[in-house]
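Geometric and topological summary
Each chain, letter by letter, is given below.
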Amino acid sequence: MATLVAFHAHPDDEVLLTGGTLARAAAEGHRVVVVVATDGMMGPVPEKGAPRLDELRASAAILGVHRVEHLGYADSGHGPLLYPDPPDRTRFARADPEEAAARLASLLREEKADMLLSYDPNGGYGHRDHVRVHEVGKRAAEMADVKRVREATMPHDNVMRLVRLIRLLRIPLRFDDAALRAVGSPSSAITHRVDVRRFAAQKQAALAAHRSEVQGNGRTAAVMRVLVRLPAPLFGLLLGREWYIEDTRD
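Turning to the pattern of salt bridges, a few remarks are in order. Within this structure, the stated rule accounts for 20 salt bridges. Between R67 and E110 there is a salt bridge; the shortest N-O distance is 3.1 Å. Pair noted here: R67 is in strand β3 (residues 67-73) and E110 is in helix α3 (residues 97-111), with a separation of 43 residues, a long-range link. According to the relative accessible area criterion, R67 is buried, its value standing at 18%. Among the salt bridges present, the one from E135 reaches R132, with a minimum N-O distance of 3.0 Å. In this pair, E135 and R132 both sit in helix α4 (residues 128-144), three residues apart, roughly one turn of the helix. Via salt bridges that share partners, R31, R67, E69, E110 and E111 belong to a single interconnected network.

This part takes up the packing of aromatic side chains. A complete count under the given rule lists two aromatic pairs for this structure. The interplanar angle of 90° and the centroid separation of 6.5 Å between the aromatic rings of F7 and F92 together place this pair among those described as edge-to-face. Of the two residues, F7 is situated in strand β1 (residues 3-8) and F92 in the loop between β3 and α3; the sequence distance between them amounts to 85 residues. The burial state of F7 is the same as that of F92; both residues are buried. With 5.3 Å between their ring centres and 40° between their planes, Y73 and F92 make a pair best called tilted. Pair noted here: Y73 is in strand β3 and F92 is in the loop between β3 and α3, with a separation of 19 residues, a long-range link.

All right, on to α3 then. The terminal C-alpha atoms of α3 lie 21 Å apart, and with 15 residues this matches the ideal 21 Å at 1.5 Å per residue to within 8%. Near the N-terminus of α3, the side chain that reaches the backbone nitrogen of E98, with its oxygen 2.9 Å away, is that of D96. Among the residues trailing α3, K112 stands out with phi positive, at a value near 50°.

The buried fraction of β1 is high, at six of six residues. The two faces of β1 match: T3, V5 and F7 on one face and L4, A6 and H8 on the other face are all buried. Examined bridge by bridge, β1 and strand β2 (residues 31-38) share six bridges and lie parallel to one another. Looking at the pairing, A6 lines up with V34 of β2. The parallel pair β1 and β2, bridged by helix α1 (residues 13-27), forms a crossover whose chirality is right-handed. Two strands pair when backbone bridges link them, and β1 and strand β4 (residues 115-119) are joined in this way by three bridges, in the parallel orientation. Residue pairing for β4: L4 is matched across the bridge by M115.

Spatially, the seven strands line up as an open sheet ordered β3-β2-β1-β4-β5-β7-β6, and their pairing is mixed. This sheet does not close on itself; its edge strands, each paired only once, are β3 and β6 (192-195). Between one strand axis and the next, the sheet turns through 25° on average, direction left out of account. Here α3 sits on the sheet in contact with β1, β2, β3 and β4, set at roughly 160° to β3.

Let us look at the packing of helix α2 (residues 51-63) against helix α7 (residues 200-208). Helix-helix packing: each pair is described by the crossing angle between the helix axes and the interaxial distance. Contact geometry of α2 with α7 gives a least axis separation of 8 Å together with a crossing angle of 170°. Comparing the axis directions of α2 and α7 gives the class roughly antiparallel. Contact residues: α2 offers S59, I62 and L63, while α7 offers Q202, K203, A205 and A206. Looking at side-chain class alone, the contact of α2 with α7 contains four nonpolar, two polar and one charged residues.

The rules behind the values
- Residues numbered from 1 in each chain as written.
- Predicted model: local features only at pLDDT ≥ 70, side-chain atom pairs only at ≥ 80, totals over all residues.
- Heavy atoms only, no water.
- Salt bridge = Lys/Arg side-chain N within 4 Å of Asp/Glu carboxyl O.
- Helix = DSSP H or I, 4+ residues; strand = E, 2+ residues; numbered from the N terminus.
- Buried < 20%, exposed > 50% of the residue type's maximum accessible area, 1.4 Å probe, protein only.
- Phe/Tyr/Trp six-rings, centres within 6.5 Å; stacked < 30°, edge-to-face > 60°.
- Expected span 1.5 Å × (residues − 1).
- Polar contact = N/O pair within 3.5 Å; in protein donor to acceptor, adjacent residues only side chain to side chain.
- Pairing = 2+ DSSP bridges.
- Right-handed = clockwise from strand over helix to strand, strands pointing away.
- Axes fitted to C-alpha atoms, helices over the stretch in contact; angles between N-to-C directions.
- Contact = heavy atoms within 4.5 Å.
- Parallel < 35°, antiparallel > 145°, perpendicular 65-115°, else oblique.
- Nonpolar A, V, L, I, M, F, W, Y, C, P; charged D, E, K, R; others polar.

What follows is the structure, given as structure tokens:
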């Protein structure tokens, strides 16, 4: 059986972009490891630890993930301002890419990873941490000599259809039109389309485990609240496929 390592920016990204793929791989007997660059927190980590990492571990258990690791960085936030680093760690966007890649490469070697899941060059939607995941993931694969790299993405046309549906239903979505036009990849660039409808209930339950995001007031919170309340077949219809671009590195 193979070992699959999925590298993500923040807790909850593992579900939204690759949750069905991870559940399917685990169900088929492969070893599945999730690594997040950040703990999803903008400020200092509380004494009891980062709550979103606890939620990530709960989500990962639902998906059948065998191991969860955090590279040690803070969330960089989204928007024009990159805030100063918190006193206890560096924001991922300010991390030395070589150092971050070395941390990930060490884990890839330890796990003897057969495949790395990362992000497309735009990081899906241009978030600075997501773009850095693409850069660091690509470099770490080179360092650890992982031959198979697949970059999670979404077909741009599908994204825009979903956005139109969200707006038709008057669900708040705090992204401007310019940002939405940059989301995803052209269909011609996508090399792998994974049907994960059989794992829709797991993916939905894993998403619900991210209570901070579902119950919060973030830019996608209202959408996530709707998603976790949908009947599983309808959830599968909307989020039952996942897409990747094969990295052509030799």
